[in-house]
Amino acid sequence: MRNHREWLIAAAAMMLAACGGDDGTCDPANPEACEDGLVCDAVEGGEPGCFAPVVIRGEVFDLADEAAVEGAHVVALDVNGAALSEVAISDETGAYELSLPSTRSADGVPIGIELTLRADAAGYQTFPAGLRQALPLDTSTAADEEGTWVVASALSDIGLIALPSDAGNAQIFGSVELPAAETGVLVVATGAGGTGYAAIANRSGGYRIFNVPAGDYDVIAYARGVNYVPAQASVEAAGSAEADLALSDEATGTVSGTVQIVNAPGGSTTSVILAIESTFNEALARGQTVPGLRVPEPGVAPDVTGEYVFEGVPAGRYVVLAAFENDALVRDPDLSIGGTSILHIEVTPGETTTVDGFKVTEALEVFGPGATSAEAVTGAPTFSWADDSSEDQYVVEVFDAFGELVWEQTIAGVSGRDPTLDYAGPALEAGMYYQYRVTSMKDGVPISRTEDLVGVFFVP
């Protein structure tokens, strides 16, 4: 009896024979190129063929009570943040199935890639957003289930955090003209108050922005290397409005600047990103970013030691962030000296924007909870971090996933040991994510603090 892989190869060969072309090939752009139940995918080193589909299966649920979330929009994103798939919509049980175009090996077996998932739903915070980061899902784990390659794990189940009851409940939707380079497109609707609401366009250019308050909005699409003509939309409470977005012939801009790394024996290189200003949360120091707009390129380890340059930046207002990843560095928290403030810039079509230099320094190391990733806690957590030998006190702050300050405590510095502090604030909510941040102080002046992406914990 042939082994399992031999059976899969034989099955793939039979599926190739089911292609619509006389030569056994198909057109991936034609949804009817293959017989029912098969899809047309690219083949590494060969012509496209018809194969059993690759799908991601999972469930979307409320983190507070594990109730199913119906109507959530789920999309797969590549390392640049560009959509790899169309949108899958969860059913009444919260279940979804996301079809994923997949390059095949010569024998028809899917070639594994790493991707992340994004989920948007009415009444819920977008995932990933706020304190929550998406962990990569590896499609090489796909298993054959009755003629379908299925990727399913804990990483394909998505828990969402319910928004406050006074959050907006309108929607803005439409279609985006996709750039020839097939880069990802972020769509942002910004209201009169300056707050932006965002969505990622799918592979066909469709988008839908949830949880928008009633009002008038400027709707702009952002993609690396191109500009778009803005559109306008007006929505009433619980209503919806359509805004389609076309490419502009305006040239993109360039952003250049320098990073100065000081007092950082534990870290010597960093990365820089640009966040859309209207989506930026000052408390969390986070915002939506244009897919692929990072120095160095997405997927490359941080390597910025001084000068950096962004090419192909769409026109708009941005916040410049360095040392945002876990690189043992953090923006210098001492705002009394030059080069330490959060930098806001405006990019003009076809122009170069020069950013004032800013400083980053060595971060305080977090021991727990959340030293490397979000960590579940039961009861009141105990925070622990590495001692800063030159401090005389620490300020400890706890924020929730919406950037609201939950608790704050100042303690005296310690000598000869690493500090700890028991949480003694309001009761922590089940299903909510939190982050604690520690800032070391000397004579009332901030010296250093913990990194942006660590210290995250949640109550299951």
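Because the structure is predicted, anything quoted here is derived from the model rather than measured.

Calculation criteria
Residues numbered from 1 in each chain as written. Predicted model: local features only at pLDDT ≥ 70, side-chain atom pairs only at ≥ 80, totals over all residues. Heavy atoms only, no water. Helix = DSSP H or I, 4+ residues; strand = E, 2+ residues; numbered from the N terminus. Contact = heavy atoms within 4.5 Å. Patch = residues over 30% accessible without salt bridge, like charges linked within 9 Å, V, L, I, M, F, W, Y side chains within 5 Å. Areas by Shrake-Rupley, 256 points an atom, 1.4 Å probe, with all protein chains shown as cover. Salt bridge = Lys/Arg side-chain N within 4 Å of Asp/Glu carboxyl O. Lys, Arg positive; Asp, Glu negative; His and termini not counted. Charge placed at Lys NZ, Arg CZ, Asp CG, Glu CD. Phe/Tyr/Trp six-rings, centres within 6.5 Å; stacked < 30°, edge-to-face > 60°. Buried < 20%, exposed > 50% of the residue type's maximum accessible area, 1.4 Å probe, protein only. Lys NZ or Arg CZ within 6 Å of the ring centre and 35° of its normal.

Q: Give a detailed account of the environment of Phe324, specifying residues and quantitative values.
A: Position of Phe324 among the secondary structure elements: in the loop between β25 (316–322) and β26 (329–331). Each C-alpha atom, one on Phe324 and one on Ala285, is 9.0 Å from the other, the two residues being 39 residues apart in sequence. Once residues within four sequence positions are removed from consideration, Phe324 is found in contact with Ile273, Ala285, Arg286, Asp452 and Leu453.

Q: Describe a negative patch on the surface, with residues and values.
A: Taken together, the side chains of Glu59, Glu70, Asp91, Glu92 and Asp157 present a region of like negative charge at the surface. Along the chain, Asp91 falls in the loop between β5 (88–89) and β6 (95–99).

Q: I'd like a rundown of the packing of aromatic side chains, residues and numbers included.
A: Taken as a whole, this structure holds 10 aromatic pairs when the rule is applied. Between Phe383 and Tyr436, the aromatic rings sit 4.2 Å apart at their centres with planes inclined by 20 degrees, giving stacked as the arrangement. One end of the pair, Phe383, is in strand β32 (residues 382–385); the other, Tyr436, is in strand β36 (residues 433–442), and 53 residues separate them in sequence. You can call Tyr436 buried: its relative accessible area is 0%. When the centroid spacing of 5.4 Å and the interplanar angle of 75 degrees are considered together, the rings of Trp385 and Tyr394 count as edge-to-face. Of the aromatic side chains, those joined through ring pairs into one cluster are Phe383, Trp407, Tyr423, Tyr434, Tyr436 and Phe457. A cation over a ring is seen here: Arg132 above Tyr433, with NZ or CZ 4.6 Å from the ring centre. The ring of Phe399 has Arg437 lying over it, and the distance from NZ or CZ to the ring centre is 4.7 Å.

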